[in-house]
Amino acid sequence: MFQHVEKCPREPRVPTSGDYRKSPSSNQGKHGKALGMNSYRGTGLSCNFHDNYLSLFLSLLAVNLMAIVILSRGRCGLSGCITKYLVSMAVTDLLVIITAVLLNRIPAIYFPGSFLSITPVCSLTIALIYASRDTSVWLTVAFTFDRFVAICFQRLKTKYCTERTAVVVITTICVLGSLKSVPWYFIHEPMLFINDVPWYCRVKEFRYTSPLWRAFDWLDRVLTPLVPFLLILMLNVLTVRFILAASKARKRLRAQNNREKQSDPEIENRRKSIILLFAISGNFIILWIPNVVQFCLKYLTINYQITNISDPRYILQESANMLQLLNSCTNTFIYAVTQSSFRKELKDALKYPLIVLGKIIK
């Protein structure tokens, strides 16, 4: 998802003044990886990808801020529990955009050699990217599970699907996601020193030689995205299975009571909730498929090395990164398509500046 790079993979640009020296471990070993292609999970950028990130950032920032404001007002006809999950998802998506694009991709492309490339800042940015990414993904899982309980377990629904439970779950996920990402701060070392200031981030050699770090890296990749992907897929399958069975039973019951042609409020409420659930979780599954494919390919072809920016694996990798970032803004469009109340609030928000401008002109 991230990396400090230049406009094309090459040596990083450094300030032209000051005493320059490479870090003690600048002569890389067998596993050591520096800035450029293959340095860590989200690898270098093809020149074809550069211009996309600034426009992508501006779009993602606008739609997520709009979603946060509208949902926080609580006028979308959604329960307090659902609103809490949707707002938290919008906030973490916004954090993903800020850390992965604003603090990482854009400076690497347009402002190489800025203070964001100093090693402690670079390491902190990477840790924050992992934290926001993991939190965003697992909040989607939590929301899917909440809707699964609400639809399939009516008795448990009254106890679990509450605002209080939602706050506890959201807080727990945020804390655990942040703690899990702390080790990423310590896995990088400077590439070089200028006036005793460490610059850029390179993965330390022991990440590839230490059994503990190899286990942590494997666990990280399994927890995001493989386990969430499978959980969301499984919960949706179980939900569909329950809905089909419940709908048939309800239709038979209404047929016996000669009420087939009358509207069923329960079915209507359930339908809206189902549409929102499937749209959000289905969107997640579709946009994360390339990332899961990339994950599987990486461990099926361990010795494969990306050679240039035309390599099919490199293109898949960058496409997966772009789609992963795109997942951070599509939820707003899903709300607009599936929720009439959200559409109304969105229209009012867009009209408001024009109304104010009209009053000023008058």
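Residues numbered from 1 in each chain as written. Predicted model: local features only at pLDDT ≥ 70, side-chain atom pairs only at ≥ 80, totals over all residues. Heavy atoms only, no water.

### Thoughts on the overall build of the chain
Next up, step 1: Summing up its helical and strand segments, the chain has eleven helices and five strands in all.
Next up, step 2: Summarising the internal contacts of the chain: among those between residues at least 6 apart in sequence, 81% fall at separations of at least 24.
Next up, step 3: Surface exposure of the chain reaches about 18500 Å², of which carbon and sulfur atoms provide 65%. (Helix = DSSP H or I, 4+ residues; strand = E, 2+ residues; numbered from the N terminus. Contact = heavy atoms within 4.5 Å. Areas by Shrake-Rupley, 256 points an atom, 1.4 Å probe, with all protein chains shown as cover.)

### Focus on the side chain of K180
Next up, step 1: Take K180: it is sitting in helix α5 (residues 163-181).
Next up, step 2: Here D134 takes part through its side chain, which lies 2.7 Å from a polar atom of the side chain of K180.
Next up, step 3: Each residue touching K180, except ones within four places of it in the same chain, is listed here: R133, D134, F216, D220 and L223. (Polar contact = N/O pair within 3.5 Å; in protein donor to acceptor, adjacent residues only side chain to side chain.)

### Structural notes on the state of the cysteines
Next up, step 1: All told, the structure shown has one disulfide when counted by the stated rule.
Next up, step 2: Here C122 pairs with C201 through a disulfide, and the sulfurs are 2.1 Å apart. Of this pair, C122 sits in helix α3 (residues 119-152) while C201 sits in the loop between β4 (197-199) and β5 (202-203), and the two are 79 residues apart along the sequence.
Next up, step 3: Take C201: its relative accessible area is 1%, and that puts it in the buried class.
Next up, step 4: Summary of cysteine pairing: C81 is not part of a disulfide, and the nearest cysteine sulfur, belonging to C161, is at 5.4 Å. (Disulfide = S-S within 2.5 Å. Buried < 20%, exposed > 50% of the residue type's maximum accessible area, 1.4 Å probe, protein only.)

### Some remarks on the nonpolar core
Next up, step 1: Ranked by size, the top nonpolar core spans 36 residues in total, and within it L71, Y85, L86, F143, L276, I280 and Y335 carry the most contacts.
Next up, step 2: Those elements that place two or more of their residues in this core are α1 (50-72), α2 (80-110), α3, α5, α7 (211-256), α8 (265-300) and α10 (330-338).
Next up, step 3: Those residues in contact with L276, other than ones at most four positions away along the chain, are L78, I82, L86, F143, I334, Y335, T338 and Q339.
Next up, step 4: Counting ten residues, the second largest nonpolar core, distinct from the first, contains C122, I126, W184 and C201. (Core = buried A, V, L, I, M, F, W, Y, C linked by side-chain atoms within 4.5 Å.)

### Some remarks on α2
Next up, step 1: The first and last C-alpha atoms of α2 sit 42 Å apart over 31 residues, in line with the 45 Å expected at 1.5 Å per residue.
Next up, step 2: The sharpest bend along α2 comes to roughly 30°, located at V101. (Expected span 1.5 Å × (residues − 1). Bend = angle between axes of the 7 residues up to and from the residue.)

### Overview of the packing of α2 against helix α9 (residues 312-326)
Next up, step 1: Closest axis-to-axis distance for the α2/α9 pair is 10 Å, and the angle between their directions is 130°. Here α2 lies oblique to α9, going by the angle between them. Contacts between α2 and α9 pair V96, A100, V101 and R105 from the former with E318, N321 and L325 from the latter.
Next up, step 2: Here the contact of α2 with α9 is composed, by residue class, of four nonpolar, one polar and two charged. (Axes fitted to C-alpha atoms, helices over the stretch in contact; angles between N-to-C directions. Parallel < 35°, antiparallel > 145°, perpendicular 65-115°, else oblique. Nonpolar A, V, L, I, M, F, W, Y, C, P; charged D, E, K, R; others polar.)

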